[in-house]
Amino acid sequence: MMNPILNQQDYLAERFRYNDDHISQLSRLALLKLQSLQLTRKNRILSERKKQEMEEYVHRSLLNLVPNSHVLSEEGFHFSELGN
């Protein structure tokens, strides 16, 4: 007799592993970007223009601001009390 309830443990474990690997890779990439920025700041040979370009690159790729309303709407928070 087959169980009518599907067991999704394998799928959930695989999905968790995939998300964990993805987050690890993204955090490693962010760390490398910040280390590059530190090396660029300390390098006396590079021109100020190149240093400024690196600063702008890090700010564009890592330090972008997201408004609170966007985060709340993505998480399913409704602005009216009845919707919560």
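Structure shown above.
The structure presented is a predicted model; accordingly, all values stated were derived computationally and were not measured.

Student: Summarise the side chain of Glu-55; cite the residues concerned and give the values.
Tutor: Assignment of secondary structure puts Glu-55 in helix H2 (residues 48-61). With residues up to four places along the chain from it excluded, the contact list for Glu-55 reads Leu-37 and Arg-41.

Student: Summarise the pattern of salt bridges; cite the residues concerned and give the values.
Tutor: For the structure on display, the rule yields two salt bridges. Where Glu-55 meets Arg-41, a salt bridge forms, and the shortest distance between an N and an O atom there is 2.7 Å. Taken together, the positions of Glu-55 in helix H2 and Arg-41 in helix H1 (residues 9-42) put the pair 14 residues apart, joining distant regions of the chain. Overall, the relative accessible area of 18% leaves Glu-55 in the buried class. Arg-49 is the salt-bridge partner of Glu-53, the closest N and O atoms lying 3.4 Å from each other.

Student: Pulling in residues and values, what's your account of the environment of Val-58?
Tutor: Tracing the backbone shows Val-58 in helix H2. Note on Val-58: relative accessible area 1%, which makes it buried.

Student: Tell me about the packing of H1 against H2, residues and numbers included.
Tutor: The geometry of H1 relative to H2 is characterised by a closest axis approach of 10 Å and an angle of 160° between their N-to-C directions. By the angle class used here, H1 and H2 are roughly antiparallel. Judged by the twist between their axes, the crossing of H1 over H2 is left-handed. Each of Lys-33, Leu-34, Ser-36, Leu-37, Thr-40 and Arg-41 in H1 lies in contact with H2, whose residues at this interface are Lys-51, Met-54, Glu-55, Tyr-57, Val-58 and Ser-61. In the contact of H1 with H2, the residues fall into five nonpolar, three polar and four charged.

Cut-offs and rules
Residues numbered from 1 in each chain as written. Predicted model: local features only at pLDDT ≥ 70, side-chain atom pairs only at ≥ 80, totals over all residues. Heavy atoms only, no water. Helix = DSSP H or I, 4+ residues; strand = E, 2+ residues; numbered from the N terminus. Contact = heavy atoms within 4.5 Å. Salt bridge = Lys/Arg side-chain N within 4 Å of Asp/Glu carboxyl O. Buried < 20%, exposed > 50% of the residue type's maximum accessible area, 1.4 Å probe, protein only. Axes fitted to C-alpha atoms, helices over the stretch in contact; angles between N-to-C directions. Parallel < 35°, antiparallel > 145°, perpendicular 65-115°, else oblique. Left-handed = near helix turned anticlockwise from the far one by under 90°. Nonpolar A, V, L, I, M, F, W, Y, C, P; charged D, E, K, R; others polar.

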